[in-house]
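An overview of the molecular structure
Single-letter residue listing:
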Amino acid sequence: MSPVLASSRAGNLVRALIIIGLLVLLMRTAYLLWVFHTPAWTSRPQDIHYCGGWYERTETPDLTGGEARKLAGGRLDQVMRSPVLRPIAAYRPGSSCPRYIFAKVGSDTYVTYEITDD
């Protein structure tokens, strides 16, 4: 008999773990939709909060690593992870916030984000 259908303690434990897992996924999806306006299954959120400001996704096509380094002005280092757990890279000369940050969505593919003027 399947552990999910069992009426013993093991069945109760398996059902409880499944319910807890579903609730966690539901709450994470609600959080990402509420705060970042992006579903959990996308790798390209519209806005990212970094360095005390908001960065918006640009409408440019995805860049390669070389193109992203050229646009940023230097070597890219991972500075954080996006709300959907993708690496965020930036070139940060000194203590100022960079104009562009890049979300890595493939082995050599980056999505460009530009700081907003708000």
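In this text, all values refer to a predicted model and were calculated from it rather than measured experimentally. (Residues numbered from 1 in each chain as written. Predicted model: local features only at pLDDT ≥ 70, side-chain atom pairs only at ≥ 80, totals over all residues. Heavy atoms only, no water.)

Take the nonpolar core next. One broad rule of soluble globular proteins: the nonpolar side chains tend to lie buried together. If you look at the biggest cluster of nonpolar residues, it comprises ten residues: Ile-48, Tyr-50, Tyr-55, Ile-88, Ala-90, Ile-101, Ala-103, Val-105, Val-111 and Tyr-113. Those elements that provide at least two residues to this core are β1 (47-50), β4 (87-90), β5 (100-104) and β6 (110-115). The contacts of Tyr-55, once residues within four sequence positions are left out, are Gln-46, Asp-47, Ile-48, Tyr-50, Cys-97, Pro-98, Arg-99, Tyr-100, Ile-101, Tyr-113, Glu-114 and Ile-115. Listed in part, the seven residues of the second largest apolar core include Ala-68, Leu-76, Ala-89 and Phe-102. (Core = buried A, V, L, I, M, F, W, Y, C linked by side-chain atoms within 4.5 Å. Buried < 20%, exposed > 50% of the residue type's maximum accessible area, 1.4 Å probe, protein only. Helix = DSSP H or I, 4+ residues; strand = E, 2+ residues; numbered from the N terminus. Contact = heavy atoms within 4.5 Å.)

Applying the stated rule across the entire model yields two aromatic pairs. On the numbers, 6.1 Å between centres and 50 degrees between planes, the contact of Tyr-50 with Tyr-55 is tilted. This pair shows no difference in class: Tyr-50 is buried, exactly as Tyr-55 is. (Phe/Tyr/Trp six-rings, centres within 6.5 Å; stacked < 30°, edge-to-face > 60°.)

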